[in-house]
Amino acid sequence: MVAKISKGSSLHGALSYNEEKVKEQQAKVLFSNRVMLNRDGSSNMYLTNQSFAPYLNANQNTEKPILHISLNPHPDDNVSDDMYSEIAQTYMQKMGFGDQPYIVYKHEDLDRKHIHIVSGNINERGKKIDDSNNFYQSKKITCEL
């Protein structure tokens, strides 16, 4: 499993990228944590933005409060949707973001299926979550997974 972690300033940009894939039927929402969804389990930008707003509004000083993580299994691995959801939850918990709002998308736009996770690094009290070792920590976790 290989992880790519991107930090950014635009929640809208990270969500738009993934929601566009959903509209094109090249992706779907697998799981969400502390993110409001429609009654049918689908996502929409308004509800997702509302879910992140209290966290992002609590700290406007952090330049890059958005995390966009891509988790890519080996191309030969056959991973079910339930397994992807479990992998995402375990990964986020071990990375220290398990209590954050996040949404997991499964992308099927390439030959290899993979997941994207959109989250934030500001906790509910407005404190930035320490991410100084997250690339090293991520490598360790992906090896375990």
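Description of the structure in this document. Quick caveat, the model's predicted, so the values are computed rather than measured.

Of the regular secondary structure elements, the protein chain holds four helices and five strands. For the protein chain, the sequential pattern of α-helices and β-strands runs β-α-β-α-β-α-β-β-α. Its C-alpha atoms give the protein chain a radius of gyration of 14 Å, near enough to 15 Å, the size a compact globule of 145 residues would have. Seen along its three principal axes, the alpha-carbon backbone of the protein chain occupies a region of about 40 × 35 × 20 Å.

At Gln25, a residue that is not glycine, the phi angle is positive and equals roughly 60 degrees. Within the element layout of this structure, Gln25 appears in the loop between helix H1 (11–23) and strand E2 (27–33). Residue classification places Gln25 among the exposed residues on the basis of a relative accessible area of 72%. Backbone geometry at Arg34 places phi at a positive 60 degrees, although glycine is not the residue there. Tracing the backbone through its elements, the reader meets Arg34 in the loop between E2 and helix H2 (45–57).

Hydrogen bonds between backbone groups are what pair the strands of a sheet, and the pairing can be parallel or antiparallel. With respect to topology, five strands assemble into an open sheet ordered E1-E3-E5-E4-E2, the strand pairing being antiparallel. Strand pairing shows two members of the sheet lacking a second neighbour, strand E1 (2–8) and E2, which therefore form its edges. Here the average twist between neighbouring strands, direction ignored, is 20 degrees. Bridge count between strand E3 (residues 66–72) and strand E5 (residues 114–120): six bridges; the pairing is antiparallel. Pairing of Ile69 across the sheet is with Ile117, part of E5. Packed onto the sheet, H2 meets E3, strand E4 (102–107) and E5 and runs at close to 45 degrees relative to E5. Across the sheet, helix H4 (residues 134–144) is in contact with E1 and E3; its angle to E1 comes to roughly 150 degrees.

Core analysis: the biggest nonpolar cluster contains 19 residues, and Ile69, Leu71, Tyr91, Met92, Val104, Ile115 and Ile117 have the highest contact counts within it. Elements represented by at least two residues in this core include exactly E3, helix H3 (81–95), E4 and E5. The element best represented in this core is H3, accounting for six residues. Discounting chain neighbours no more than four positions away, the residues touching Met92 are Ile69, Phe97, Gly98, Tyr102, Ile117 and Ser119. Core analysis: the next-biggest nonpolar cluster, separate from the first, contains 10 residues, Ala14, Leu15, Leu56 and Ile103 among them.

Moving on, we get to the pairing of E5. Counting buried positions along E5 yields seven of seven residues, so the element is predominantly enclosed. Taken together, E4 and the strand that follows it, E5, pair antiparallel across an intervening segment of six residues.

The rules behind each value
Residues numbered from 1 in each chain as written. Predicted model: local features only at pLDDT ≥ 70, side-chain atom pairs only at ≥ 80, totals over all residues. Heavy atoms only, no water. Helix = DSSP H or I, 4+ residues; strand = E, 2+ residues; numbered from the N terminus. Rg over C-alpha atoms; globule rule 2.2 N^0.38 Å. Buried < 20%, exposed > 50% of the residue type's maximum accessible area, 1.4 Å probe, protein only. Pairing = 2+ DSSP bridges. Axes fitted to C-alpha atoms, helices over the stretch in contact; angles between N-to-C directions. Contact = heavy atoms within 4.5 Å. Core = buried A, V, L, I, M, F, W, Y, C linked by side-chain atoms within 4.5 Å.

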